[in-house]
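Report on the structure
Spelled out from the first residue to the last, the chains are:
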Amino acid sequence: MAGGCQAAQLTSGHAEANDTGLTPIFEAQRFKLREFRFADLDDLAAMVSDEDQMRFYPRPKTRAEARAWISQNLSFYTEYGFGFWLIESIPRSDFLGYCGIRPLARGTSDIEMGWQIKKTSWNQGIATEAATAARDLAFTRFGLPGLVALIHPDHTASRRIAEKIGMQEHETAIIEGFPWVVYRKQPQ
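Residues numbered from 1 in each chain as written. Predicted model: local features only at pLDDT ≥ 70, side-chain atom pairs only at ≥ 80, totals over all residues. Heavy atoms only, no water.

With that out of the way, let us pick up helix α4 (residues 156-164). Every buried residue belonging to α4 is among Ser158, Arg159, Ile161 and Ala162, and all of these are buried. Axial view of α4: buried residues confined to an arc of 155°, hence all on one face. Against β5 (111-117), α3 (126-141), β6 (147-151), β7 (168-175) and β8 (178-185) lie the buried residues of α4. In the stretch just after α4, Gly166 is the one whose phi turns positive, near 90°. (Buried < 20%, exposed > 50% of the residue type's maximum accessible area, 1.4 Å probe, protein only. Helix = DSSP H or I, 4+ residues; strand = E, 2+ residues; numbered from the N terminus. Arc of directions from axis to C-beta. Contact = heavy atoms within 4.5 Å.)

By size, the foremost hydrophobic cluster in this structure holds 50 residues, and its most contacted members are Leu44, Trp85, Ile101 and Trp115. Ranked by residue count, the leading element in this core is α3, at nine residues. In contact with Ile101, not counting residues within four places along its chain, are Phe82, Gly83, Phe84, Trp85, Ile111, Glu112, Met113, Ala134, Ala138, Phe142, Leu144 and Leu147. Counting five residues, the second-largest nonpolar core is a separate cluster that includes Leu150, Phe178, Trp180 and Val182. (Core = buried A, V, L, I, M, F, W, Y, C linked by side-chain atoms within 4.5 Å.)

Quick look at the pattern of salt bridges now. All told, the structure shown has 14 salt bridges when counted by the stated rule. As a salt-bridge pair, Asp42 and Arg63 come within 2.7 Å of each other at their nearest N and O atoms. With Asp42 in helix α1 (residues 41-48) and Arg63 in helix α2 (residues 63-80), the pair connects residues that are 21 residues apart, well separated along the chain. Lys119 serves as the salt-bridge partner of Asp50, at 3.0 Å between the closest nitrogen and oxygen. Within this pair, whereas Asp50 is found in the loop between α1 and α2, its partner Lys119 is found in the loop between β5 and α3, the two being separated by 69 residues in sequence. Assessed through its relative accessible area of 23%, Asp50 is described here as partly exposed. Judged by relative accessible area, which is 34%, Lys119 ranks as partly exposed. (Salt bridge = Lys/Arg side-chain N within 4 Å of Asp/Glu carboxyl O.)

See below:
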């Protein structure tokens, strides 16, 4: 695994409580991936309401939408054992963004991979390292048959990350009036 990453040893798909709050899903030198909880709402809402942070999305999100997004991921953890995970710095436990895997839409078999890094942490390699970890977890731990990533055509940084982790451009699509490049990755 790239970047000297070491996966946390867990027996189930869920993070388990410990004396610091949650056992990480994955732990690297600089950060860990862990399940979201409602206590993370302030950090998530601040990130997704920022216009600069959301320039490649249809629009910034409200606090209520951020709360609903956390709630949806909590449901994914219960139903599938995975979802989008919070990226937390080590050792300070600062919120760095999120990365993970989740069903693309109810009723489809596609699993979406996604990442978003707080702008104060851009250009530090965190997104690539977290995406590599999430990709590897998807295929080795969860045994998924493939991943898709939906990326705005002009978001060159995210497109580079997808390519660095072995995803290939598959097609372009308009979803709910918004353009996306669809990347795909199969296990090797």
